[in-house]
Amino acid sequence: MATTLLVHGLDGGGKGHWLTWLEAAIPDTQRVTPPDLKSLELPEWSAVVRWHLSRCDEPAFIIAHGFGCLAAVSATCDFSHRVEAALLVAPFDPDNLRLAYLMPEQPLSYPATVVASTNDPHMRLSKAAFWANFWSCEFVNAGRVGGIDQAAGFGAWPAALSMIDELKRAPARNLAAISGAERSHLSRAI
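Everything numeric in this text was worked out from a predicted model, so none of it was measured. Counting from 1, residues in each chain are numbered in the order their sequence is written. Predicted model: local features are reported for residues with pLDDT of at least 70 only, side-chain atom pairs are reported and counted for 80 or more only, and whole-chain, interface and lining totals are derived from all residues. Side-chain measures here rest on the full set of heavy atoms in the structure, leaving out hydrogens and waters.

(A) Main features of the pattern of salt bridges. Each salt bridge in this description consists of a side-chain nitrogen of Lys or Arg and a carboxyl oxygen of Asp or Glu lying within 4 Å of one another. Going through the model one piece at a time under the given rule, you end up with 5 salt bridges. Between Glu23 and Arg31 there is a salt bridge, with its nearest N and O atoms 2.5 Å apart.

Shown next as structure tokens:
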């Protein structure tokens, strides 16, 4: 069974956070925690994700939230062969943080889904859709649900389990959809 890496956002997710709920619901999970949960030092966060990926016996499934999404995607630039698939929920906008240069400039080589909200304080829905398209990810508009966090009422989140199951069932289909596809990655939406 593949290891599931849970990459929390800046708050680290509390006892009532959906990632903590998933940690109890999914066997063989590992929580990826950077040295400073308040820091916006993406290289430090990415290094912790890389460390975990390098120690997995087989490709890992990544579930990330908020700033943790940027760390996960950045880390997989060098370790994409170690990733089975990824669920990226409410990612921060790398352009607003001046971190876009640390993001992959080509489609991800593993299946991934980006889940975003129409009123997320950290990324406009149109920008989340842009990044999902840029990386050739599935895109899910979760509606008006803020940062898809505990404050927005996301504790137990069965829909996340459904999205994870879909990614696990159909990785070959998702990869076939992007293999050989030529996408223009010469400009970013601002």
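(B) Representation of the pairing of strand β2 (residues 29–32). Two strands qualify as a pair provided that DSSP identifies no fewer than 2 bridges between them. Runs of H or I in DSSP of at least four residues are treated as helices and runs of E of at least two as strands, each being numbered from the N terminus. Of the pairings in the sheet, the one linking strand β1 (residues 4–7) to β2 comprises 4 bridges and is parallel in character. Counterpart to Leu5 in the pairing with β2 is Gln30. Viewed with both strands pointing away, a crossover whose connecting path from the first strand over the helix to the second turns clockwise is right-handed. Considered for its hand, the β-α-β crossover made up of β1, helix α1 (residues 18–25) and β2 is right-handed.

(C) Spotlight on unusual backbone geometry. One non-glycine residue, Asp28, lies in the positive phi region at around 55 degrees. Within the secondary structure layout, Asp28 lies in the loop between α1 and β2. In this structure Asp28 comes out as partly exposed when scored by relative accessible area, which is 39%. Its identity is not glycine, yet Arg98 carries a phi of approximately 60 degrees, on the positive side. For every residue, the accessible area (1.4 Å probe, protein chains only) is compared with the maximum for its type, and the residue is labelled buried under 20%, exposed over 50%, or partly exposed between those bounds. Residue classification places Arg98 among the exposed positions, given a relative accessible area of 68%.

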